[in-house]
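What follows is each chain in one-letter form.
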Amino acid sequence: MSALTDDSLPVTPRAMRDEMIVFAAMAVLLGLVPMTGIYPFFVMQALCFALLACAFNLLIGYGGLLSFGHAMFLGTAGYCSAHALKVWGLSPELGILVGVAGAAALSVVTGFISIRRQGIYFSMITLALSQLLYFIYLQAPFTHGEDGIQGIPQGYLFGIFNLAKPTVLYYVVLAGFLGGFLLIYRTINSPFGEVLKAIRENEPRAISLGYKTDQYKLLAFILSGTIAGFAGSLKVFVAQNASLTDVHWTMSGEIVLMTLVGGLGTIFGPVVGAFVIIAMQQYLAGFGQWVTVIQGVIFVACVLTFRRGVIGEIAHYFRRSL
Amino acid sequence: MQALYAQLLVGLINGSFYALLSLGLAVIFGMLNIINFAHGALYMMGAFCAYFLLNITGIGYWPALIIAPIVVGIFGMILERTMLQWLAGLDHLYGLLLTFGIALIVQGVFQNYFGSSGLPYAIPDELKGGMNLGFMFLPIYRGWVVVFSLVVCIATWYLIEKTRLGANLRAATENPTLVRAFGINVPRMITLTYGLGVGLAALAGVLSAPINQVRPLMGADLIIVVFAVVVIGGMGSIMGSIITGFALGVIEGLTKYFYPEASNTVVFVLMVLVLLVKPTGLTGRAA
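What you see is a predicted model; the values in this text were computed from it and never measured.

(A) Focus on the overall build of chain B. Helices and strands together make up the secondary structure of chain B, namely 11 helices and 2 strands. In sequence order, the secondary structure elements of chain B are arranged as α-α-α-α-β-β-α-α-α-α-α-α-α. C-alpha atoms of chain B, sized along the principal axes, occupy 60 × 50 × 35 Å. Counting across all 287 residues of chain B, residues that qualify as buried make up 54%. In chain B, the share of contacts with a sequence separation of at least 24, taken over all contacts with a separation of at least 6, comes to 79%.

Structure, rendered in structure tokens:
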């Protein structure tokens with residue numbers, strides 16, 4: 001059984017340097033966006049999904065766990081933040097905190113349940129759990145069912161930054177994305193990340209070496225779910241609503257697609273994938289339901305011919321790790 | 001009490017669909033090592049196939065029960081030959097992702113042509129009406145669905161567990177190379193098995209067409225419940241899938257009677273409970 005991700009290259013100082021250069025280039029490019037006249041709303045949305053996909057990738061690319069229910073963290077954090085901001089009238093930073101805490105609590109519970117099985121069973125369990133949550137949110141009064149929570153006040157972050165201004169909001173979202181990205185990057189390159197990779201490659205051997213693999217996997221799941229929740233909280237400020245579409249399992253499928261297109265188990269892949277998919281949805285919106293078909297075709301094409309994804313293929317060509 | 005019996009019957013019918021679908025998933029998983037995410041879409045195709053047969057060619061329900069599974073089964077075999085077979089030897093997860101993509105394509109195409117609303121399919125004349133059983137009124141078609149799917153499930157179980165063909169199949173699951181050395185065409189067997197599993201899904205689709213309306217997304221949400229059924233039952237045995245499928249349908253029906261708010265979630269809650277106590281599922285072997 002071949003490994004899910006192509007990560008055979010050792011982490012060398014050169015690789016670290018490559019990654020830092022790409023990261024700096026990405027940060028500068030994204031920082032310049034408001035000056036170019038590109039629609040900032042689109043980039044902000046893509047940034048939220050990019051962080052979400054990176055969090056998802058932490059689990060699949062480094063832990064070998066394909067979660068098919070990551071939308072539940074996005075949606076849960078979104079509902080928690082939206083409720084805190086609108087009904088409790090909390091400030092933005094506290095609203096984000098409530099959302100992240102909600103996603104973290106959810107990931108502790110769902111992680112504890114789902115890591116009991118591996119492989120496709122793990123995927124099916126996460127999928128079923130997210131569908132369970134979908135039905136709960138459909139019926140719970142505070143989510144307002146089909147209507148969702150709308151008209152969320154954006155307010156002043158730390159009492160200083162006016163989030164109602166698109167440019168300010170953009171830089172806040174960008175800072176949030178870069179912070180989350182660096183946290184994931186640091187995790188991957190820590191001893192903890194190395195153990196995760198070992199578990200992905202050969203779990204029985206990791207167990208025989210004395211690692212409590214379940215604890216590592218659970219911790220990775222919680223970390224991933226929490227960062228995904230952070231992305232969901234940021235998204236509330238961008239979209240100014242929280243709705244059921246964020247919790248539905250088709251959203252989980254989109255997260256998987258983004259990561260697959262960009263490259264499973266690559267550091268920058270999920271970011272590229274998220275931008276590609278969001279741009280596609282933006283520009284193909286006129287095709288209506290055909291977008292679903294196109295997404296399906298991309299799924300099939302990626303799995304059959306293009307398994308490394310955009311960044312994975314580039315990295316493989318230059319024999320670098322990205 | 002009337003309502004309780006009615007919900008029990010609804011539960012049994014849903015249970016028949018769960019059983020037929022999880023049975024097909026188990027058969028496919030056994031041979032191809034793939035969780036067939038497209039199963040819901042193929043179930044929907046079965047229902048649509050019956051609908052086309054009736055409205056375009058005038059072929060009614062009874063022939064459709066045979067024709068639709070064959071047509072959709074052939075479609076499945078084409079899928080297996082053109083795409084799924086290239087994933088042999090790769091991680092299981094790629095099979096899940098590929099079939100998910102196929103499901104998106106199939107459902108998207110049907111949504112484009114038929115919208116999201118349902119198309120009606122009339123109950124065949126022979127099965128119209130109902131019977132008064134004394135304690136409840138039994139619509140004949142619903143009784144027929146339960147009995148017929150039970151028969152199909154038992155027949156499939158018999159085919160796989162008790163016949164020579166089934167023995168070859170199970171042997172090929174254990175050790176394809178060795179079985180090949182005995183002169184059995186394993187790739188063809190895999191293709192036919194996929195066709196069989198898909199055919200079972202399509203059959204469930206035809207059965208459900210007169211009860212639920214024929215909709216492009218009719219399989220999309222159902223398949224996730226079936227996945228939960230599979231996790232609870234544990235894919236270990238064919239009989240396990242059948243019993244778990246029916247049992248969960250009944251439990252769902254009972255919940256609808258006693259505590260309707262939880263009827264959508266009870267299967268998932270049960271899944272959580274089972275996982276906490278017995279992670280391999282009720283009849284499952286360790287993965």
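Having seen the structure, we can now continue with the description.
(B) Quick look at the overall build of chain A. Assigned secondary structure in chain A consists of 13 helices and 4 strands. On the principal axes, the C-alpha backbone points of chain A span a range of 50 × 45 × 40 Å. Residues counted as buried form 58% of the 322 residues belonging to chain A. For chain A, the proportion of contacts with a sequence separation of at least 24, taken over those separated by at least 6, is 78%. Accessible area for chain A stands at about 12800 Å²; split by element, carbon and sulfur atoms hold 67% of it. Taken together, the 17 basic and 14 acidic charged side chains of chain A have centroids lying 6 Å from each other.

(C) Spotlight on the nonpolar core. Counting 207 residues, the largest nonpolar core has A:Met26, A:Leu66, A:Phe68, A:Phe177, A:Phe181, B:Leu97 and B:Met271 as its most contacted members. For this core, the element with the most residues is helix 2 (residues 40-63) of chain A, which contributes 18 residues. Aside from chain neighbours lying at most four places away, what touches A:Leu66 is A:Phe56, A:Ile60, A:Phe122, A:Ser123, A:Thr126, A:Val256, B:Leu93, B:Leu96 and B:Leu97.

(D) Summary view of the environment of B:Gly118. All names here are of chain B. Topologically, Gly118 is positioned in the loop between helix 4 (92-114) and strand 1 (130-132). Placed 94 residues apart in sequence, Gly118 and Asn212 show a C-alpha to C-alpha distance of 8.5 Å. Residue contacts for Gly118: discarding those within four places in its chain leaves Gln213, Val214 and Arg215.

(E) Representation of the side chain of B:Thr193 in the model. With respect to the helices and strands, B:Thr193 occurs in helix 8 (residues 186-208). Not counting chain neighbours up to four residues away, the residues in contact with B:Thr193 comprise B:Val27, B:Ile28, B:Met31 and B:Leu169.

(F) Up close: the interface of chain B and chain A. Opposite the 48 residues of chain B that make contact, chain A presents 43 residues. Buried area between chain B and chain A, summed over both chains or domains, comes out near 4400 Å², and the portion from carbon and sulfur atoms is 78%. Taken as a group, B:Leu93, B:Tyr94 and B:Leu97 account for 15% of the area that chain B buries against chain A, more than any other trio of residues on that side. Taken together, the connections running from chain B to chain A amount to 0 salt bridges. For the interface between chain B and chain A, the tally reads 5 residue pairs in polar contact (both at pLDDT 80 or more). Contributing elements (two or more residues each) for the side of chain B that touches chain A: helix 4, helix 9 (220-233) and helix 11 (266-277) of chain B. Considering only residue class, the side of chain B that touches chain A consists of 33 nonpolar, 11 polar and 4 charged.

(G) Seen up close, the packing of helix 2 of chain A against helix 9 (residues 213-239) of chain A. Residue and element names in this part refer to chain A. Where helix 2 contacts helix 9, the axes come no closer than 8 Å and their chain directions differ by 170 degrees. In terms of axis orientation, helix 2 runs roughly antiparallel to helix 9. Note on element contacts: helix 9 touches helix 2 through Ala220, Phe221, Leu223, Ser224, Ile227, Ala228, Phe230, Ala231, Leu234, Lys235, Val238 and Ala239, opposite Phe41, Met44, Gln45, Cys48, Phe49, Leu51, Leu52, Ala55, Phe56, Leu58 and Leu59. Here the residues of the contact of helix 2 with helix 9 are counted per class, giving 20 nonpolar, 2 polar and 1 charged.

(H) Layout of a nonpolar patch on the surface. There is a patch of nonpolar side chains on the surface, built from A:Phe112, B:Val269, B:Leu273, B:Leu276 and B:Val277 and spanning about 460 Å² of accessible area. Per-element accounting of the nonpolar patch gives the leading share, 4 residues, to helix 11 of chain B. Within the fold, B:Val277 resides in helix 11. A residue is classified by how much of its surface remains accessible, and B:Val277, at 72% relative accessible area, is exposed.

(I) Structural detail: the state of the cysteines. Residue and element names in this part refer to chain A. The tally for this structure, following the rule as stated, stands at 0 disulfides over all chains. Of all cysteine sulfurs, the one in Cys54 lies closest to Cys302, which takes part in no disulfide; the gap is 17 Å. Judged by its relative accessible area of 3%, Cys302 falls in the buried class.

(J) Region of the structure containing the packing of aromatic side chains. Counted by the stated rule, this structure contains 36 aromatic pairs over all chains. Seen in terms of ring centroids, B:Phe48 and B:Tyr51 are 6.5 Å apart; in terms of plane orientation they differ by 75 degrees. Their pairing is edge-to-face. Placement of the pair is B:Phe48 and B:Tyr51 together in helix 2 (residues 39-57), with a separation of 3 residues, close to one helical turn. Grouped by ring-pair contacts, the aromatic residues A:Phe68, A:Trp249, A:Phe299, B:Phe37, B:Phe100 and B:Phe227 constitute a single cluster. A cation over a ring is seen here: A:Arg116 above A:Phe112, with NZ or CZ 5.2 Å from the ring centre. The aromatic ring of B:Tyr94 is capped on one face by A:Arg307, whose charged end is 5.6 Å from the ring centroid.

(K) Seen up close, the confidence of the model for chain B. In the predicted model, chain B carries a mean pLDDT of 88, and the fraction of residues at 70 or more is 99%. As a predicted assembly, this complex carries a pTM of 0.89 together with an ipTM value of 0.87.

(L) Summary view of the packing of helix 3 (residues 61-82) of chain B against helix 5 (residues 140-162) of chain B. Residue and element names in this part refer to chain B. Viewed as axis vectors pointing N to C, helix 3 and helix 5 meet at an angle of 30 degrees, and their least axial separation amounts to 15 Å. By the angle between their directions, the pair helix 3 and helix 5 is classed as roughly parallel. Note on packing geometry: the crossing formed by helix 3 with helix 5 is right-handed. Along the contact surface, helix 3 presents Tyr61, Trp62 and Leu65, while helix 5 presents Tyr141, Trp144 and Phe148.

(M) Layout of unusual backbone geometry. A positive phi is found at A:Gln240, a non-glycine position, where the angle reads about 60 degrees. The backbone phi angle of B:Asn33 is positive, close to 60 degrees, even though this residue is not glycine. Here B:Asn33 is to be found in the loop between helix 1 (2-32) and helix 2.

Quick notes on the rules
- Residues numbered from 1 in each chain as written.
- Chains lettered and ligands numbered in written order.
- Predicted model: local features only at pLDDT ≥ 70, side-chain atom pairs only at ≥ 80, totals over all residues.
- Heavy atoms only, no water.
- Helix = DSSP H or I, 4+ residues; strand = E, 2+ residues; numbered from the N terminus.
- Buried < 20%, exposed > 50% of the residue type's maximum accessible area, 1.4 Å probe, protein only.
- Contact = heavy atoms within 4.5 Å.
- Areas by Shrake-Rupley, 256 points an atom, 1.4 Å probe, with all protein chains shown as cover.
- Lys, Arg positive; Asp, Glu negative; His and termini not counted.
- Charge placed at Lys NZ, Arg CZ, Asp CG, Glu CD.
- Core = buried A, V, L, I, M, F, W, Y, C linked by side-chain atoms within 4.5 Å.
- Buried area = accessible area lost by both parts, 1.4 Å probe.
- Salt bridge = Lys/Arg side-chain N within 4 Å of Asp/Glu carboxyl O.
- Polar contact = N/O pair within 3.5 Å; in protein donor to acceptor, adjacent residues only side chain to side chain.
- Nonpolar A, V, L, I, M, F, W, Y, C, P; charged D, E, K, R; others polar.
- Axes fitted to C-alpha atoms, helices over the stretch in contact; angles between N-to-C directions.
- Parallel < 35°, antiparallel > 145°, perpendicular 65-115°, else oblique.
- Patch = residues over 30% accessible without salt bridge, like charges linked within 9 Å, V, L, I, M, F, W, Y side chains within 5 Å.
- Disulfide = S-S within 2.5 Å.
- Phe/Tyr/Trp six-rings, centres within 6.5 Å; stacked < 30°, edge-to-face > 60°.
- Lys NZ or Arg CZ within 6 Å of the ring centre and 35° of its normal.
- pLDDT = per-residue confidence, 0-100.
- Left-handed = near helix turned anticlockwise from the far one by under 90°.

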